[in-house]
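Structure assessment
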Amino acid sequence: MQIKQHIQTGYDYMDALNGADKAHEFDSPSYYARLLEGVIRLFEVHYSVRRFDEHDLVMANNIHWLLQNIYKNQKVIIWGHYVHVNRQGYLDSRSNNVTTALDKAYGQESYIVNFAAMSGEYREFRDGTIKKIPPINDQHLAYTFNDTFSDAPQAIFIQPKQFTTAKQHGLLLSGHEYIPASSIPVNLWRNHFDGVFLLNKVSASN
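Reference entry: report on the structure contained in this document. Here the structure is a predicted model, which is why all the values come from computation and not from measurement.

1. Considering the sheet that holds strand S4 (residues 155-158)
- Within the open sheet, the three strands sit side by side as S1-S7-S4. Their pairing is mixed. Each edge of the sheet is formed by a strand with only one pairing partner; in this case those strands are strand S1 (113-117) and S4. The sheet shows a mean angle of 20° between the axes of neighbouring strands, taken without regard to direction.
- Relative to strand S7 (residues 195-199), S1 runs parallel, the two sharing five bridges. The residue of S7 that forms the bridge with Val-113 is Gly-195.

2. Quick word on the layout of surface pockets
- Reported here for the largest pocket is a volume of approximately 1,600 Å³.
- The set of elements that each furnish at least two residues to the lining of the largest pocket consists of helix H3 (54-69), helix H4 (82-85), helix H5 (98-106), S1, strand S2 (121-123) and S7.

3. Quick notes on the pairing of S7
- With four bridges joining them, S4 and S7 adopt antiparallel strand pairing. Pairing of Phe-157 across the sheet is with Phe-197, part of S7.

4. Overview of the packing of aromatic side chains
- All chains considered together, the criterion is met by 13 aromatic pairs.
- With a centroid separation of 5.1 Å and an interplanar angle of 55°, the aromatic rings of Tyr-122 and Tyr-178 are classed as tilted. On the criterion of sequence distance, the pair formed by Tyr-122 in strand S2 and Tyr-178 in the loop between strand S5 (172-173) and strand S6 (184-185) is long-range, its members being 56 residues apart.
- The structure contains a cluster of three or more aromatic residues connected by ring pairs, namely Tyr-82, Phe-145, Phe-163, Trp-189 and Phe-193.

5. Side note on a nonpolar patch on the surface
- On the surface, a nonpolar cluster with roughly 620 Å² of combined accessible area is contributed by Trp-79, Tyr-111, Val-113, Phe-115, Phe-157 and Phe-197.
- Examined against the element boundaries, Val-113 turns out to sit in strand S1.

6. Let's talk about empty space enclosed by the protein
- Scanning the entire structure with this criterion turns up one cavity of 30 Å³ or more.
- Looking at the largest cavity, the residues that line it are Ala-116, Ala-117, Ile-136, His-140, Leu-141, Ala-142, Leu-172, Leu-173, Ser-174 and Leu-198.
- Elements supplying a minimum of two residues to the lining of the largest cavity: S1 and S5.
- In terms of residue class, the lining of the largest cavity is built from eight nonpolar, two polar and no charged.

7. Description of helix H1 (residues 2-20)
- Taking 1.5 Å of rise per residue, 19 residues should cover 27 Å, and H1 covers 27 Å from first to last C-alpha, within 8% of that figure.
- For H1, every residue scored as buried is listed here: Ile-7, Gly-10 and Met-14. Within H1, the buried residues cover an arc of 60° as seen down the axis, which keeps them to one side. Exposed positions of H1 whose direction lies more than 90 degrees from the buried face are Gln-2, Lys-4, Tyr-13, Asp-15, Gly-19 and Ala-20.
- Each element contacted by the buried residues of H1 is listed here: helix H2 (29-46).

8. Structural notes on the nonpolar core
- Leu-141, Phe-145, Ile-158, Phe-163, Trp-189, Phe-193 and Leu-198 are the most contacted members of the largest nonpolar core, which has 19 residues in total.
- Secondary-structure elements contributing two or more residues to this core are S4 and S7.
- Not counting residues up to four positions away in its chain, the partners in contact with Trp-189 are Ile-158, Gln-159, Pro-160, Phe-163, Leu-173, Ile-184 and Val-196.

Rules used in this analysis
- Residue numbers run consecutively from 1 along every chain, following the written order of its sequence.
- Per-residue local features are limited, in this predicted model, to residues with pLDDT of at least 70; the limit for side-chain atom pairs, both in listing and counting, is 80 or more; totals at the level of whole chains, interfaces and linings are taken over all residues.
- The side-chain values count all of the structure's non-hydrogen atoms but skip hydrogen atoms and water molecules.
- Any two strands with at least two DSSP-identified bridges between them are counted as paired.
- Helix and strand assignments come from DSSP, with helices taken as H or I runs of at least 4 residues and strands as E runs of at least 2, each series counted from the N terminus.
- Axis geometry follows a simple rule: fit a line to the C-alpha atoms, using only the stretch in contact for helices, then measure angles between N-to-C directions, giving values from 0 to 180 degrees.
- We place a 1 Å grid over just the protein atoms. Points where a 1.4 Å probe fits but has no way out form a cavity, open points with protein on both sides within 12 Å along at least 5 of 7 lines form a pocket, and any residue with an atom within 4 Å of a point lines it.
- Grid points are joined across faces, edges and corners, and a volume is the space filled by probe spheres set on the points.
- Any two rings among Phe, Tyr and Trp, with Trp reduced to its six-membered ring, count as a pair given centres within 6.5 Å; such a pair is stacked if its planes are under 30 degrees apart, edge-to-face if over 60, and tilted if neither.
- Each patch is assembled from residues with relative accessible area greater than 30% and no salt bridge, linking like charges that lie within 9 Å and nonpolar side chains (Val, Leu, Ile, Met, Phe, Trp, Tyr) that lie within 5 Å.
- The protein chains shown are the only cover counted for residues, whose accessible areas, like all others here, come from Shrake-Rupley with a 1.4 Å probe.
- Here, a salt bridge means any side-chain nitrogen of Lys or Arg that lies within 4 Å of a carboxyl oxygen of Asp or Glu.
- Charged means Asp, Glu, Lys or Arg here, nonpolar means Ala, Val, Leu, Ile, Met, Phe, Trp, Tyr, Cys or Pro, and polar covers whatever is left, Gly included.
- One less than the number of residues in a helix, times 1.5 Å, gives the span that helix is expected to have.
- Only protein chains enter the accessibility calculation, which uses a 1.4 Å probe. A residue is then buried if its area is under 20% of the maximum for its type, exposed if over 50%, and partly exposed in between.
- The arc under discussion is defined with respect to the helix axis, by the directions toward the C-beta atoms.
- By the convention used here, residues are in contact when the closest approach between their heavy atoms is within 4.5 Å.
- By nonpolar core we mean a set of buried residues, namely Ala, Val, Leu, Ile, Met, Phe, Trp, Tyr and Cys, connected to one another through side-chain atoms within 4.5 Å.

Spelled out as structure tokens, the structure:
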């Protein structure tokens, strides 16, 4: 009952804010109603009132609102975790993520870029621990660029059209984690993203 009442109170506040002002701008009542919607949806997801992926729909709605009202006709860069912004949706269930939810409106105008590191450390998103990036071998596409990085660039940009041979199609790229189970064969990467920045060495975020 407490959960149900908490959700209902949130929706009551949203209705009141939306009723006070329909202006589509920052600091307007309707803007704060939009922020509140995200908080309520996360609460609902946490307590299994909604499907786990529905918070992505709120994020997509927020982006759509920004593109239509604040940054209309402007180029926008959206930075997000791979699971939320790759073209295929959630990897196991194919449920909607931010990108798939926005695909009909903006799919032809969007370009999805992945970032993957050759070496260094990263912060695990589940528990916050710092882990080393496993060494890459000749099964990985990045391995073929070792000589390029020996000339000391910090990053290189690659796209699918560069890799056309059968051998290259079988090479792997890192997915949303630096583990074999989440690696993606080169011939399937367009299902997820359009280009990749390979970073020579990274350090974990603070």
